[in-house]
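# Summary of the model geometry
In case you want the letters, here they are:
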Amino acid sequence: MNPRETLFAVLRHEATDQVPWVPFAGVHAGLLAGYDATEVLTDADMLVRSLLEVNRLYKPHGQPVIFDLQLEAECLGCELRWVKNGPPSVISHPLENDPIVPCDCTIPDAGSGRLPVVLDAMRRMKAEVGETTALYGLICGPFTLASHLRGNDIFMDLYDDEDFVANLLDYCCRVSEAVARLYVDAGMDVIAVVDPLISQISASHFEQFMSPVFGRLFDTIRSMDVFSSFFVCGDATRNIEVMCQTRPDSIAVDENVDLRAAKTISDRYNIVMGGNIALTSVMLLGTQQSNMKAVIDIFDQLDSRRNFILSPGCDMPYDVPVENVVGVAQAVLHEDEVRVILRGYHETDDNSSESVDLPDYSRLKKPLVEVFTLDSATCAACTYMMGAAIAAKEVFGEQINLIEYKATTRENLARFKKIGVRNLPSMYINGELKYRSLIPSRQELHAAISEAIDALR
């Protein structure tokens, strides 16, 4: 079987001789061809050249054409902030002050926003590598899209305005279905519904609001005779089972999730599990050997390799060293040889917690809110948790201090280790964990901060 057929066989739950590998090289693809993130997300020629380099260097069984969860939001009127080394982020929310569900006439078509660029790149990639590589069309999931449109208030709406949330999700699902149809028409083999904010809600809210919407969406994708994937970032552990019940062909998780435990659940539903090489501590800041070892460690922790696809935990950071991803590919394609290479290899701890000093939380003059993120500029769940903290800072002003620590430097990873951060994003107040992979409502966060202020008086 060629790489594409190997991936298809796994998605059909058949036995294969090799675990398929799907590098989520979104903006990182631009690094390979000398383009920055903005260029590769706005120019079809640059995008195709970059994707062909991904295909040549990383030998994937499958690869996404674009990884930009803001694309649909931009089509629907959200303003974006662009950066050179990451995907854009949403900075305005059309429904923030006017919670009215848009009409169907606003659903994107083939001429909307940057969709012509994406569809052109998809068709060209299909012609270039479509016979040997499975191509993924990534769409923004309904809940994350609803969050882009509504802003942080969507998390209060889950409690205060259930009808609005249900209607908005229904609209966002229709947007997802429309974009999925465009991508299938352009030749995509797998439609991946990427919804990072699913990890930020409870299983009960998922069942109430998300199950009908995602179940319908995956039924629609199935009716197009292509495969589907449900891709979630953050600690989605509590939602793995309810995600399986929406009937996707596969699920992809990041390093916050215990892969073995999650696969035990997905195997009960005969759903393929994908993941979950650590993005920053391994891919961005590790060595080629540590990346090879990460792959072998993942293989070794699984009870069975059936129904499994190896991939990074999410969209790879732009600056991931090329040799690290090549190391991952080598471990997948030449596992026995890599095991020999790794004999006697011992990882060194370059992120020793002794290298950082924590604040003396017992002597703070005012509450300190610390938000630990992958990177709020590039991670949607991190964006909205940081957004909640920033909104609180605007209310409390000089009564509190606020700082974000991003998992993009060794010093910050050492800080994460010393304070005991286990999942991203997480929010601490005065050194105490308050919210772990769960974005607080405005009322909850304000109450927690007010309590911290009172405690210091």
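This section reports on the structure supplied with the text. (Residues numbered from 1 in each chain as written. Predicted model: local features only at pLDDT ≥ 70, side-chain atom pairs only at ≥ 80, totals over all residues. Heavy atoms only, no water.)

### Quick look at the overall build of the chain
- When helices and strands are tallied, the chain shows 19 helices and 13 strands.
- The C-alpha radius of gyration computed for the chain amounts to 21 Å, which stays within 12% of the reference 23 Å derived for 457 residues, consistent with globular compactness.
- When the backbone C-alpha atoms are referred to their principal axes, the chain occupies close to 70 × 60 × 45 Å.
- A burial count over the chain gives 59% of its 457 residues as buried.
- Sequence-distant contacts in the chain: of pairs separated by 6 or more residues, those separated by 24 or more amount to 74%.
- Accessible area for the chain stands at about 17,600 Å²; split by element, carbon and sulfur atoms hold 47% of it.
- Here the chain contributes 40 positive and 65 negative side-chain charges, whose respective centroids are spaced 3 Å apart. (Helix = DSSP H or I, 4+ residues; strand = E, 2+ residues; numbered from the N terminus. Rg over C-alpha atoms; globule rule 2.2 N^0.38 Å. Buried < 20%, exposed > 50% of the residue type's maximum accessible area, 1.4 Å probe, protein only. Contact = heavy atoms within 4.5 Å. Areas by Shrake-Rupley, 256 points an atom, 1.4 Å probe, with all protein chains shown as cover. Lys, Arg positive; Asp, Glu negative; His and termini not counted. Charge placed at Lys NZ, Arg CZ, Asp CG, Glu CD.)

### Describing unusual backbone geometry
- Cis geometry marks the peptide bond from Gly275 to Asn276, where omega comes out at -20°.
- With respect to the helices and strands, Asn276 occurs in strand β8 (residues 272–277).
- With an omega of -5°, the peptide bond between Leu424 and Pro425 qualifies as cis.
- One non-glycine residue with positive phi stands out, namely His13, at about 70°.
- The partly exposed category is assigned to His13, whose relative accessible area is 23%.

### Overview of the state of the cysteines
- In total, this model carries 0 disulfides according to the counting rule given.
- Between Cys233, a free cysteine, and Cys314, which holds the nearest cysteine sulfur, the sulfur-to-sulfur gap is 3.0 Å. (Disulfide = S-S within 2.5 Å.)

### Points about the pattern of salt bridges
- A complete count under the given rule lists 31 salt bridges for this structure.
- The closest approach of N and O atoms between Glu53 and Arg56, which form a salt bridge, is 2.7 Å. In this pair, Glu53 and Arg56 are both assigned in helix α4 (residues 44–58), 3 residues apart and thus about one turn of the helix distant.
- Each of Asp104, Asp170, Arg174, Glu177 and Arg216 takes part in one network of salt bridges that share partners. (Salt bridge = Lys/Arg side-chain N within 4 Å of Asp/Glu carboxyl O.)

Any functional reading would require information that these geometric values do not contain.
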